[in-house]
Amino acid sequence: MSTTLVPYEEALARYEPVLGVETHIELGTASKMFCGCPTTFGAPPNTQVCPVCLGLPGALPVTNRAAIEGIIKIGLALNCTIVEWCRFARKNYFYPDMPKNFQISQYDEPLCVDGYLDVEVDGETFRVEIERVHMEEDTGKSLHVGGATGRIHGADFSLVDYNRAGIPLVEIVTKPIVATGDKAPLVARAYATELRELVRAIGVSDVRMEEGSMRCDINVSLMPRGSSEWGTRTETKNVNSLRSIERAVRHEIERQAAVLDSGGKVVQETRHFHEDTGTTTSGRSKEEAQDYRYFPEPDLVPMAPSREWVEELRASLPELPAARRRRVQAEWGLTDLELRDVVNAGALDLIEDTVKAGCAPGPARKWWMNELSRRATEQGVELPELPITPEQVARIQALIDEGSLNDKLARQVFEGVLAGEGDPDQVVAARGLKVVSDEGELAAIVDQVIADNAAAADKVRSGKVAAAGALVGAVMKATRGQADAARARELILEKLGVS
Amino acid sequence: MSSELTRRTAAELAELIASGQVSAVEVAQAHLDRITAVDGRIKAFLHVDAETALAQARAVDERRAAGERLGPLAGVPIAHKDVFTTADMPTTAGSKILEGWRPPYDATITRRLREAGLVIIGKTNMDEFAMGSSTENSAFGPTRNPWNLDRIPGGSSGGSSAAVAAYEAPLATGTDTGGSIRQPAAVTGIVGTKPTYGGSSRYGLIAFASSLDTPGPFARTVLDAALLHEAFSGHDPMDSTSIDRPVPPVVEAARRADVAGLRIGVVRELGGEGFQPGVQARFNEAVELLESLGAKVTEVSCPHFTYALPAYYLIAPSECSSNLARFDAMRYGLRIGDDGARSAEEVMALTRAEGFGPEVKRRIMLGTYALSSGYYDAYYGKAQQVRTLIIRDFEAAFEQVDVLVSPTTPTTAFPIGDRVDDPMAMYLADLATIPSNLAGNAAISVPCGLAEEDGLPVGLQVMAPTLADDRVYRVGAAVEKALEDRWGGPLLAKAPELAEADR
């Protein structure tokens, strides 16, 4: 079924979007949420299971302290209040890959509440308020065999892998995100980007969207401009890339606007996003959704994180991305635009590490953002994937600073390092790259050049100083670029008596 | 010798084995013989594997011969309620849905007792998933009361109580969710304890209602119950609700057996109307007996106990509706309708329809309803509030007295089939035991005589505060000692069917 869409700008002219994002993040703990099974990604099916995570009759859960630490750290980083007392709850529903047919989760008593995360879009800051951060366990994974699509429909049989069952999951739920106007898709994307940075900085998850360790559900509703009554929302499940988040929001705005424009009603439902077409299709309707029959989990004692523990965890947090960006901007003297370029290029870590290796911020940024960015683009790779380290960049700059290299030679050293010829010093030695700094040697070359280019020399002598450029060029050519061009020019002018 | 061995208490058997007068193998064989002789009529066991039992006994004898230090009950046979997982025997929870299931692991309690050298003689019958008060809800047929084969042995641990009462095992484990140890102990004339919630591990116990389920011991004497209690109790890191505190000195208390100066409260709400006259009469005598032994007896009111039964019948089914969701034909147990044409949901539905009995279905339905959104506050939420009020009643009572007493059950063992079609009447059997489950405190049932009208055993219930388990043993042992002096031996000696079986 094809859906008519309203062009984005038109939709935004008539409707105000309201967003909500629910993000699931798998924590990178060594063991599962409620048992001691390992959590290694990609292990052979059902090799990381025990009576507890298989939900065998009689087995009982015991909470993993490292997972609770992880969620509290995320809560603190998101400026949340860590509650003094809370409980786990059971979310009851039947699903073949869910061992107990209930999920231990949190319901009306989450561990972290009322936080926020500031995100920036085109120089404008949006505050995304966080409603809650809570803890739950992941389910297993089904593999449907025999059908053409890999989906359950049409499959001959299904296999279930419980390795993932019981891996700690953190769910981060935003409050409704309003007043984003036509920037809504970008705000959603920026929020996910910032959240991913933040969690990665804390070190509690590898937040890989492609491996499913971070997954987003995107809620969108539209409100006619001028109205104060919120529209019906849809929830697009498991959007698994930053770009898809942006596209999914955009598509839902266009689709819902079309529904509303034609006098229809948006149905409250879950929807699936399709990577290939950038569109969403209807999943299960929320109206016929199950009643999860939540109640406090009787197999686990309530959690009461002590204030001392919470403060210890707060003190253990690393510098968070936003603070770090502010610091770096000040230290490096960057404009907002320059900082944004650095962040967008994924160069912040690289430049900072280069600075740490002894390079001044200016040249460090210059090399990464110009020379190396250009080469990355040429090779079609991300900047961090280039085969050169911040230490090597710092060394090349050090050689420039001590006068052993000039910029032109440095570019050849970069080329050599990137080609796998070794460290900068090895490349310099192997390629014989060194500024000619011996005055006598340079003077001799200058004399030779003057002798070989009599016509040009005469022009200079007669006062056409600009003609010296050709002589400098000849010197550089004779030295294969290794001469100090400025010094060569001085010598030429001196010898021709025009200095 | 062989039939004589089965009459011995666990404490006596342990001593005989420790001193080398008999071997664990001989003791196990004697009980296996007894099971062969009488269990056809009692039907206490769902699974007996003589070879496995004898192999365990042999291992104990060998360990002892090698000079290994073994626990105080080493070599003594034990029957486990079929709700505890056992790695070497099937575990069914009395349900068709788990028929033939062999768990890959031992429950903490079965593991601990195995390590302590107790010999698992078999798995006992029970109401399906521990739901019931008569063992008539077992998918494998009812167990019979050794006092009168037409009567129920209590439930849900009726197989365990009958096995101990019929001398098929000196000790047995049970679980008490609403009275499922104390009520069967009372109606079969033996001793049964519900320890403090969290005092005995639930790991490996197939859950009925997690916040109420409490494993506990069955024995023929208070001391034996205390020995077993001590042997399996203590903190278990595999159970989050397990209490990390020392086990109360229950064995010492059972040996002490005196009540001089102890303040005993008779719960006004657990007696009188609705209680069988013969039950009430024996209870009243027991109270007088305690007074004559030097206890200070007063009447105490616990006004919210009246609401314990309805609160229980919302909380327990709510939890069970969730706990039993895992029996879905996907991973273990029964699977019906998997013909390649049906969806997973259809197979689940067919399996549950076939695999669960009517009482289990009734409670799943009740619990599903009570937890559903829109009804949660009115039912589950309200029941939890009542639970809090009952805890407060206990706290107020225990400010005045050291222990509370009541009849364990309102009636003696009723005839098999009598209440099958009347769930409400069946539920009344747990009237006096449920408050302690809701509060999580400790309680025991000890025999206090026979009701005149039917000649069947009556139980005295003693309740103590959380973690004061030693008190219930102290009072229980004092009553046991005084009554056995009066009767000239244990009450069980008066059981007519047993006399018949021995002939």
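In what follows, the structure referred to is the one given above.
All values derive from a computational prediction rather than experimental measurement. (Residues numbered from 1 in each chain as written. Chains lettered and ligands numbered in written order. Predicted model: local features only at pLDDT ≥ 70, side-chain atom pairs only at ≥ 80, totals over all residues. Heavy atoms only, no water.)

(A) The arrangement of the overall build of chain B in detail. Along chain B, the regular secondary structure elements total 18 helices and 11 strands. A globule of 503 residues ought to have a C-alpha radius of gyration of about 23 Å, and chain B, at 21 Å, matches this closely. Principal-axis analysis of the C-alpha atoms places the extent of chain B at approximately 70 × 55 × 45 Å. Burial analysis of chain B (503 residues in total) assigns 64% to the buried set. When contacts within chain B are restricted to residue pairs at least 6 apart in sequence, long-range pairs at least 24 apart make up 77% of them. As displayed, chain B offers around 17,000 Å² of accessible surface, 51% of which is attributable to carbon and sulfur atoms. Across chain B, the centroid of the 47 positively charged side chains sits 2 Å from that of the 64 negatively charged ones. (Helix = DSSP H or I, 4+ residues; strand = E, 2+ residues; numbered from the N terminus. Rg over C-alpha atoms; globule rule 2.2 N^0.38 Å. Buried < 20%, exposed > 50% of the residue type's maximum accessible area, 1.4 Å probe, protein only. Contact = heavy atoms within 4.5 Å. Areas by Shrake-Rupley, 256 points an atom, 1.4 Å probe, with all protein chains shown as cover. Lys, Arg positive; Asp, Glu negative; His and termini not counted. Charge placed at Lys NZ, Arg CZ, Asp CG, Glu CD.)

(B) Region of the structure containing the overall build of chain A. What chain A contains, in helices and strands, is 16 helices and 14 strands. In terms of overall dimensions, chain A is more spread out than a globule: its C-alpha atoms have a radius of gyration of 31 Å, far above the 23 Å expected for 499 residues. Its C-alpha atoms give chain A principal-axis dimensions of roughly 95 × 55 × 50 Å. Counting only residues that meet the buried cut, chain A has 50% of its 499 residues in that class. Long-range pairs, those at least 24 residues apart, make up 68% of the contacts in chain A between residues at least 6 apart in sequence. With an accessible surface of roughly 23,000 Å², chain A has 49% of that area assigned to carbon and sulfur atoms. In chain A, which carries 57 positive and 76 negative side-chain charges, the distance between the mean positions of the two groups comes to 2 Å.

(C) Representation of the sheet that holds strand β11 (residues 457–464) of chain B. All names here are of chain B. Strand order in the open sheet formed by 11 strands is β1-β3-β2-β4-β6-β5-β10-β11-β9-β7-β8, with mixed pairing between adjacent strands. In the strand order of this sheet, the two ends are held by β1 (45–47) and β8 (296–300), each with one partner. In this sheet, adjacent strand axes meet at a mean angle of 30° when their direction is disregarded. Here strand β5 (residues 191–194) pairs with strand β6 (residues 215–219) via 2 bridges, running antiparallel. Pairing of Val191 across the sheet is with Ala219, part of β6. This element, helix α17 (residues 469–487), spans β5, β6, β9 (403–407), β10 (442–450) and β11 of the sheet and lies at about 10° to β10. (Pairing = 2+ DSSP bridges. Axes fitted to C-alpha atoms, helices over the stretch in contact; angles between N-to-C directions.)

(D) Focus on the pairing of strand β11 (residues 234–239) of chain A. Residue and element names in this part refer to chain A. Of the pairings in the sheet, the one linking strand β10 (residues 214–224) to β11 comprises 4 bridges and is antiparallel in character. From the neighbouring strand, Cys216 faces β11, where its bridge partner is Val239. Where β11 and strand β12 (residues 269–274) come together, 3 bridges link them in parallel fashion. Counterpart to Lys237 in the pairing with β12 is His272.

(E) A look at the state of the cysteines. Residues and elements named next belong to chain A. With the rule as written, the count across this model stands at 0 disulfides over all chains. With no disulfide of its own, Cys37 has Cys50 as its nearest cysteine by sulfur position, at a separation of 3.6 Å. On the basis of relative accessible area, Cys37 is assigned to the buried category, the value being 7%. (Disulfide = S-S within 2.5 Å.)

(F) Up close: the packing of helix α11 (residues 308–323) of chain B against helix α14 (residues 377–400) of chain B. Residues and elements named next belong to chain B. Viewed as axis vectors pointing N to C, α11 and α14 meet at an angle of 125°, and their least axial separation amounts to 9 Å. Here α11 is positioned oblique relative to α14, judged by the angle of their axes. For the crossing formed where α11 meets α14, the hand is left-handed. Between α11, through Ala308, Ala311, Leu314, Ile315, Ser318 and Glu319, and α14, the contact on the second element is made entirely by Tyr379, Tyr380, Ala383, Gln384, Val386, Arg387 and Ile390. Residue composition of the contact of α11 with α14, by class: 9 nonpolar, 2 polar and 2 charged. (Parallel < 35°, antiparallel > 145°, perpendicular 65-115°, else oblique. Left-handed = near helix turned anticlockwise from the far one by under 90°. Nonpolar A, V, L, I, M, F, W, Y, C, P; charged D, E, K, R; others polar.)

(G) Region of the structure containing the side chain of B:Ser157. Residues and elements named next belong to chain B. Examined against the element boundaries, Ser157 turns out to sit in the loop between β3 (119–124) and α6 (158–165). Of the polar contacts made by the side chain of Ser157, one reaches the side chain of Lys81; its length is 2.9 Å. With residues near it in sequence (within four places) discarded, Ser157 still touches Lys81, Asn125, Gly174, Thr175, Ser180, Ile181, Pro184 and Phe218. (Polar contact = N/O pair within 3.5 Å; in protein donor to acceptor, adjacent residues only side chain to side chain.)

(H) Geometry of the pattern of salt bridges. The full count for this structure, using the stated rule, is 63 salt bridges over all chains. For A:Arg127, the salt bridge identified is with A:Asp118, shortest N-O distance 2.8 Å. Given a relative accessible area of 48%, A:Arg127 falls into the partly exposed group. Its relative accessible area of 30% is what places A:Asp118 among the partly exposed residues. The residue B:Asp402 makes a salt bridge to B:Arg263 at a minimum N-O spacing of 3.1 Å. Of this pair, B:Asp402 sits in the loop between α14 and β9 while B:Arg263 sits in strand β7 (residues 263–267), and the two are 139 residues apart along the sequence. When its relative accessible area of 30% is taken as the criterion, B:Arg263 is described as partly exposed. (Salt bridge = Lys/Arg side-chain N within 4 Å of Asp/Glu carboxyl O.)

(I) The environment of B:Leu293, seen in detail. All names here are of chain B. Inspection of the secondary structure puts Leu293 in the loop between α10 (277–292) and β8. Here Leu293 falls in the partly exposed class, since its relative accessible area comes to 33%. Each C-alpha atom, one on Leu293 and one on Phe394, is 24 Å from the other, the two residues being 101 residues apart in sequence. Contacts of Leu293, omitting those with residues within four sequence positions, involve Val259, Ala260, Ala478 and Ala482.

(J) Unusual backbone geometry, seen in detail. The linkage connecting B:Gly155 with the following residue, B:Ser156, adopts the cis geometry, with an omega of 5°. Inspection of the secondary structure puts B:Ser156 in the loop between β3 and α6. Its identity is not glycine, yet A:Asn101 carries a phi of approximately 60°, on the positive side. Checked against the element boundaries, A:Asn101 lands in the loop between β3 (89–92) and β4 (102–105). Taking relative accessible area as the criterion, A:Asn101 reaches 1% and is therefore assigned buried.

(K) Spotlight on the sheet that holds strand β14 (residues 295–296) of chain A. Within the open sheet, the 3 strands sit side by side as β4-β3-β14 (chain A). Their pairing is antiparallel. Because the sheet does not close on itself, it has two edges, and the strands there are β4 and β14 of chain A. Two elements, β3(A) and β4(A), share 4 bridges in a ladder whose sense is antiparallel. Its bridge partner being in β4(A), A:Asn92 is matched across the sheet by A:Phe102. Sitting on the sheet, α11(B) touches β3, β4 and β14 of chain A, and the angle it makes with β3(A) is about 60°.

(L) Representation of the interface of chain B and chain A. The interface is formed by 39 residues belonging to chain B together with 30 residues belonging to chain A. In total, chain B and chain A occlude about 2,700 Å² of area from one another, counting both sides; carbon and sulfur atoms represent 59% of this. A per-residue breakdown of the area chain B buries against chain A is headed by B:Ser240, B:Arg326 and B:Arg331, which together make up 23% of the total. Where chain B touches chain A, the interface holds 1 salt bridge. One salt bridge in this structure joins A:Asp299 and B:Arg202, with 2.8 Å as the shortest N-O distance. Connecting chain B to chain A are 17 residue pairs in polar contact (both at pLDDT 80 or more). Residue assignment for the side of chain B that touches chain A shows that the elements contributing at least two residues are α11, α12 (344–355) and α13 (358–371) of chain B. Residues of the side of chain B that touches chain A, tallied by class, amount to 19 nonpolar, 13 polar and 7 charged. (Buried area = accessible area lost by both parts, 1.4 Å probe.)

(M) Looking closely at a nonpolar patch on the surface. A surface patch of nonpolar side chains, about 290 Å² in accessible area, is lined by A:Leu143, A:Phe157 and A:Leu159. Within the fold, A:Leu159 resides in strand β8 (residues 157–161). (Patch = residues over 30% accessible without salt bridge, like charges linked within 9 Å, V, L, I, M, F, W, Y side chains within 5 Å.)

Everything listed is a geometric property; what it means functionally is a separate question.
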